[in-house]
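Structural description and commentary
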Amino acid sequence: MNFGQWMAVQLSAEQQFEIEKQARTLLHSEDAGTMAAALLKQVCYQQQLLQQAVNEIARLECELMGR
């Protein structure tokens, strides 16, 4: 993997559709709105980025142990 490539958030089409579906539900909710939808999307992207970071750390540790 190229340096920094893991920092590009990669969501599958299914994940993107699910996030969008949930965001639109929030947009049309009486108790939520634009801010809630934006926060949902942000949290989903941050969660994916964190998972990718953990995977990269594990990959690097395995690489070091293999030497």
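Structural notes, computed from the coordinates. As the structure is a prediction and not an experimental result, all values here were calculated from the model.

What counts and what doesn't
- Residues numbered from 1 in each chain as written.
- Predicted model: local features only at pLDDT ≥ 70, side-chain atom pairs only at ≥ 80, totals over all residues.
- Heavy atoms only, no water.
- Axes fitted to C-alpha atoms, helices over the stretch in contact; angles between N-to-C directions.
- Helix = DSSP H or I, 4+ residues; strand = E, 2+ residues; numbered from the N terminus.
- Parallel < 35°, antiparallel > 145°, perpendicular 65-115°, else oblique.
- Left-handed = near helix turned anticlockwise from the far one by under 90°.
- Contact = heavy atoms within 4.5 Å.
- Nonpolar A, V, L, I, M, F, W, Y, C, P; charged D, E, K, R; others polar.
- Expected span 1.5 Å × (residues − 1).
- Buried < 20%, exposed > 50% of the residue type's maximum accessible area, 1.4 Å probe, protein only.

Moving on: the packing of helix α1 (residues 13–27) against helix α2 (residues 34–65). Between α1 and α2, the shortest axis-to-axis distance is 7 Å and the interhelical angle comes to 155 degrees. The orientation of α1 relative to α2 falls into the category roughly antiparallel. Here the hand of the crossing between α1 and α2 comes out right-handed. Facing Gln-15, Ile-19, Glu-20, Gln-22, Ala-23, Leu-26 and Leu-27 of α1, the residues of α2 in contact are Thr-34, Ala-36, Ala-37, Leu-40, Lys-41, Cys-44 and Gln-48. Looking at the contact of α1 with α2, its residues break down into 8 nonpolar, 4 polar and 2 charged.

A few words now on α2. Between its first and last C-alpha atoms α2 spans 47 Å; for 32 residues at 1.5 Å apiece the expected length is 46 Å, and the two agree. The complete set of buried residues in α2 reads Ala-37, Cys-44, Gln-48, Gln-52, Ala-53 and Glu-56. Check the buried side of α2 and you find it contacts α1.

Distances and angles like these do not, on their own, reveal function.
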